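Listed below, chain by chain, are the residues.
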Amino acid sequence: MKEEDAGPPNRELYALLNISPEASDEEIRKAYRQWAQIYHPDKYQELHMKDIATENFQRICEAYEILSDVNKRQIYDIYGMEGLTSGLELGPKLNKVEELKEELERLRKMKEQEKISAHFRPSGTILANMSLPHLLKGDGIMRGMAMTSEVQSQISKNNAIAIGGNMAVNGNSGGGAASAVFRHQISPAASVEFMAAAGLRALVGVQTSRQLSSHSNATMALAISLRDGSLNLSNSWTRQLTETANGNIQLAVGPESSIAVGWQKKEEKMSAAGEVKFGTSSFLASAQYTHRFSSKSHGRIVGKVGSTTLELEVGGGRKISNFSTVRMLYSIGIQGIFWKFELHRGGQKLIIPILLSRHLNPVFATGAFILPTSLYFVLKKFVFKPYYLKREKLKALENVEKTSAKVQEARAAAEKAQKLLQNVANRKRNRQLETNGLVITRALYGNRIALSRNDESRETQHELTSQVLDVTLPLNFLVSESGQLKLHEGVKKSGIMGFCDPCPGEPKQLHVEYTYRDGRYQVVVDDYAELLIPQESHII
C-alpha cells in the first residue's frame with residue numbers, strides 16, 4: 001500500500017542526528033558530539049551493551065562523515081545512499097559548490113530524461129452520447145459517439161513527437177481526422193512546434209512559445225487550412241498573478257475570430273477558473289469551482305452563460321485507485337437535463353452524457369438531482385464504505401504479514417538504541433520534574449488509523465498494536481536543557497534514534513502527551529510535520 005503522506009526522500013541521516021536538512025556545519029558537529037557521547041563503545045563495560053553501542057556508533061559516524069562533507073552531502077540530498085554506494089563520480093575538477101550543483105542537476109535531468117524516453121505516453125477520450133427520450137420512443141439509446149487518441153514520445157533530449165487522431169459519429173453522419181505534431185526545445189525558455197492535420201480540418205501550422213520573464217509566457221500560432229486556404233493567427237499571453245493564481249489573454253484572427261480573457265486559481269483544497277470569450281457573433285462566459293474534501297474525493301460546480309448556452313453543472317468524483325477516478329455530474333440548461341458519468345484512468349477518459357429530458361420541468365429536474373444523490377449516499381454508507389474498509393483491512397493485514405520479519409528486526413534495533421538512552425533520558429526527565437519543566441508522559445508513533453482508534457474494541461486494537469511504537473523514552477532524551485523539544489519538518493520520524501518504522505507503506509503519525517508548568521498537553525503531528533513543544537495551543 002502506498003503511503004499517503006509521502007514526503008521528501010533522502011532524509012534518514014538528518015533524522016538520525018535529529019537536525020534540519022538545512023543544518024549548518026556547526027549544527028552537524030554539535031549533534032554528532034551529543035550522540036557520540038551516548039553511543040561511544042568505550043563507555044560500556046558489559047559485552048552486550050558494548051556491541052549495541054558499537055552498532056549505533058557506526059551509524060552516527062557514517063551520518064556525520066557524509067553530512068559534514070560538502071560533496072557527499074550534495075550527492076546524498078539528490079540521490080540518497082544509492083548515489084554514494086554506486087560510485088558516482090563527479091570529476092576531480094569540480095571543486096566549487098556551484099560547479100557541483102550544476103553537475104548534479106545535469107545528472108538528475110539526464111536520469112529523468114532517460115526514464116521519460118523509455119516510455120510512450122498515450123492519452124485518449126471516448127465520448128458516448130445517450131438519450132433516454134429516444135430510448136422511450138423506440139429509437140435506441142445511443143445518439144452519437146466520438147473518440148480521440150494521441151501518443152507522445154520524447155525522441156531525444158530536445159525533441160518530441162505526438163501522433164493522434166479523432167473520429168466522430170452522430171446519427172447517419174460522421175468523420176475523422178489525423179494529426180502529427182513535432183516539438184523542438186530551442187532553449188530552456190523557448191520552443192517551436194510544427195503541426196499537420198488531414199481529414200475534415202486539414203491544415204498545416206507552426207507554433208512558438210517563449211518565457212518572457214519568470215512570471216510571463218507568450219505563445220503565437222499560425223495555421224493554414226488546406227481546404228479553403230484560410231489563414232488563422234492566434235496569440236496568447238499567460239502571467240502568474242500570485243503564488244496560486246494566473247491569468248491569460250488569447251486573441252484569434254481568422255474565419256472564427258475571437259478574444260478570450262481567463263484566470264485560474266489552484267490551492268491544496270480548492271481550485272477555481274473563469275473565462276469570458278467574445279467571438280464574431282457569439283459570447284460565452286464560464287466559471288468553475290472545485291473543492292477537495294479529502295485526498296480521494298472532490299466536488300465541482302460549473303456555470304456557463306453565452307449566446308447559445310445557459311448551463312449549470314453540479315457533481316463530484318472519487319479516486320478509486322492510484323490511477324483511476326470516477327465522477328458523476330448533474331447538468332441542467334437550455335439544452336436539457338443530463339446525467340454525466342466519467343471514468344479517468346491514467347491519460348484515458350470515458351465520458352457518458354445521458355440526456356434525460358429536453359424540457360425543463362421543475363419537478364422532474366428536482367427528482368433527477370435528488371434521486372441519484374440519495375442513492376449514492378445510501379450505497380456509500382451500506383455498500384461501498386463497508387467494502388472499502390474490509391479491503392483496506394485485508395491489505396493492511398497482508399502488509400503486516402509481508403513485512404513482519406523486517407519490522408521485528410527494526411523494533412529490536414530500536415529497543416537496543418533506547419536501552420543506551422535510558423539513563424540520560426531518565427536524568428533529563430527528573431531534572432525537568434524538579435523545575436516543573438517539559439516532561440513527555442506518553443508518546444506513540446505508528447499507523448495513523450491505529451492511533452485514531454482509541455475507542456475501538458480490544459480485538460481491533462490488538463490487530464493494530466504491532467503497528468504502534470512507544471517512543472516516550474527517546475523523546476524525553478531529546479528535550480533540551482531549556483525545556484523544549486523540536487523535531488524538524490521534512491524529516492521522517494522513523495529515522496530518529498530509538499524510533500523505527502512499525503508499519504512500512506502505511507501513513508503514520510506521532511501522538512505526544514506531556515506536562516509543563518502544572519498543565520497537561522496533547523498534540524498529534526504527521527510523519528513529516530514539524531513538532532515544537534511546549535505550546536499553549538496543545539493544552540487539554
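Residues numbered from 1 in each chain as written. Predicted model: local features only at pLDDT ≥ 70, side-chain atom pairs only at ≥ 80, totals over all residues. Heavy atoms only, no water.

With an unreviewed UniProt entry as reference, the protein chain is termed J domain-containing protein, source organism Quercus rubra. Regarding the protein chain, the relevant UniProt record gives this comment under Subcellular location (unreviewed entry): "Membrane". (UniProt positions renumbered as here; feature names shortened; annotations may be inferred.)

A.B. asks: Would you explain the overall build of the protein chain in this entry?
C.D. replies: Within the protein chain, the regular secondary structure consists of 10 helices and 23 strands. Relative to its full complement of 540 residues, the protein chain shows a buried share of 34%. Within the protein chain, contacts between residues separated by at least 24 positions form 43% of all contacts whose residues are at least 6 apart in sequence. Entry remark: accessible area of the protein chain is about 32500 Å², with carbon and sulfur atoms responsible for 56%. (Helix = DSSP H or I, 4+ residues; strand = E, 2+ residues; numbered from the N terminus. Buried < 20%, exposed > 50% of the residue type's maximum accessible area, 1.4 Å probe, protein only. Contact = heavy atoms within 4.5 Å. Areas by Shrake-Rupley, 256 points an atom, 1.4 Å probe, with all protein chains shown as cover.)

A.B. asks: Explain the confidence of the model for the protein chain here, please?
C.D. replies: Note that predicted coordinates carrying low pLDDT should not be read in detail. Of all residues in the protein chain, 89% attain a pLDDT of 70 or more, and the chain-wide mean is 87. Within the model, pLDDT remains below 50 along residues 1-6, and this stretch shows 22 contacts once partners closer than five positions in the same chain are excluded. Predicted confidence is poor over residues 89-96, with pLDDT under 50, and the contacts of this stretch with residues over four places away or in other chains come to nine contacts. (pLDDT = per-residue confidence, 0-100.)

A.B. asks: Even after reading the chapter, I still don't get the pattern of salt bridges, so can you show me in this structure?
C.D. replies: Oppositely charged side chains can form a pair if their charged atoms are brought close together. Overall, the coordinates contain 13 salt bridges when judged by the stated rule. In this structure, the salt-bridge partner of Glu342 is Arg327, at a minimum N-O distance of 3.5 Å. With a gap of 15 residues between them, Glu342 in strand β16 (residues 336-345) and Arg327 in strand β15 (residues 324-333) connect regions that are remote in the sequence. Judged by relative accessible area, which is 9%, Glu342 ranks as buried. Residue Asp501 pairs with Lys508 through a salt bridge whose shortest N-O separation is 3.3 Å. Overall, the relative accessible area of 17% leaves Asp501 in the buried class. Judged by relative accessible area, Lys508 falls into the buried class, the value being 0%. Overlapping salt bridges bring together Glu26, Arg29 and Arg33 as one network. (Salt bridge = Lys/Arg side-chain N within 4 Å of Asp/Glu carboxyl O.)

A.B. asks: Would you take a moment to explain the packing of helix α2 (residues 25-39) against helix α7 (residues 362-434) for this structure?
C.D. replies: If you want to describe how two helices pack, look at the angle between their axes and the distance between the axes. Closest axis-to-axis distance for the α2/α7 pair is 9 Å, and the angle between their directions is 110 degrees. By the angle between their axes, α2 is roughly perpendicular relative to α7. Packed against α2, whose contacting residues are Gln34, Trp35, Ile38 and Tyr39, the element α7 presents Ala417, Leu420, Leu421, Val424 and Lys428 at the interface. (Axes fitted to C-alpha atoms, helices over the stretch in contact; angles between N-to-C directions. Parallel < 35°, antiparallel > 145°, perpendicular 65-115°, else oblique.)

A.B. asks: Is there a simple way to explain the packing of aromatic side chains in this structure?
C.D. replies: How two aromatic rings sit relative to each other is given by the distance of their centres and the angle of their planes. The final tally for this structure, using the stated rule, is nine aromatic pairs. With a centroid separation of 6.3 Å and 45 degrees between ring planes, the pair formed by Tyr14 and Tyr76 is classed as tilted. Of this pair, Tyr14 sits in helix α1 (residues 12-17) while Tyr76 sits in helix α4 (residues 70-85); the two residues are 62 residues apart in sequence, bridging distant segments of the chain. When the centroid spacing of 5.2 Å and the interplanar angle of 40 degrees are considered together, the rings of Trp35 and Phe477 count as tilted. Taken together, the residues span a long stretch of sequence, with Trp35 in helix α2 and Phe477 in helix α10 (residues 472-478) at a distance of 442 residues. Owing to a relative accessible area of 0%, Trp35 belongs among the buried residues under this scheme. Among the residues examined, Phe477 registers a relative accessible area of 1% and is labelled buried. (Phe/Tyr/Trp six-rings, centres within 6.5 Å; stacked < 30°, edge-to-face > 60°.)

A.B. asks: Sorry, what's going on with the sheet that holds strand β18 (residues 439-447) here?
C.D. replies: The strands that make up a sheet pair up through hydrogen bonds in the backbone, lying either parallel or antiparallel. One open sheet holds the four strands; their spatial order is β19-β18-β21-β22, and the pairing between them is antiparallel. If you trace the sheet from one side to the other, it starts and ends with β19 (468-470) and β22 (519-526), each paired once. The mean angle between the axes of side-by-side strands here comes to 15 degrees, regardless of whether they run parallel or antiparallel. Taken together, the eight bridges between β18 and strand β21 (residues 508-516) define a ladder with antiparallel strand orientation. By the bridge assignment, Asn447 is partnered in β21 with Lys508. Docked against the sheet, α7 engages β18 and β19, running at close to 155 degrees with respect to β18. (Pairing = 2+ DSSP bridges.)

A.B. asks: What's the story with the UniProt feature "coiled-coil region" (unreviewed entry) in the protein chain in this structure? I'm lost.
C.D. replies: According to UniProt, the feature "coiled-coil region" (unreviewed entry) maps to residues 397-434 in the numbering used here. Secondary structure across residues 397-434 comprises 100% helix and 0% strand; the distance between its end C-alpha atoms is 45 Å.

A.B. asks: Honestly, the environment of Lys296 in this entry has me stumped. Any pointers?
C.D. replies: With respect to the helices and strands, the residue Lys296 is situated in the loop between β12 (283-292) and β13 (297-306). Residue class for Lys296 comes out partly exposed when judged on its relative accessible area of 22%. As for Lys296 and Asn322, which are separated by 26 residues in sequence, their C-alpha atoms are 9.6 Å apart.

A.B. asks: So what exactly am I meant to see when it comes to the side chain of Thr290 here?
C.D. replies: On the secondary structure map, Thr290 appears in strand β12. According to the relative accessible area criterion, Thr290 is buried, its value standing at 10%. Setting aside anything within four residues of it in sequence, one finds Thr290 in contact with Lys269, Met270, Ser271, His298, Gly299 and Arg300.

A.B. asks: What should I look at first to understand α2 in this one?
C.D. replies: Residue pairs spaced three or four apart in an α-helix point in one direction, given the helix's 3.6 residues per turn. Helix length check: α2 (15 residues) gives 21 Å between terminal C-alpha atoms against 21 Å at 1.5 Å per residue, within 8%. Turning to α2, its buried residues number three or more, namely Ile28, Ala31, Tyr32, Trp35, Ala36, Ile38 and Tyr39. The buried residues of α2 all sit within an arc of 155 degrees when viewed along its axis, so they share a single face. Residues of α2 that are exposed and point over 90 degrees away from its buried face: Lys30 and Gln37. (Expected span 1.5 Å × (residues − 1). Arc of directions from axis to C-beta.)

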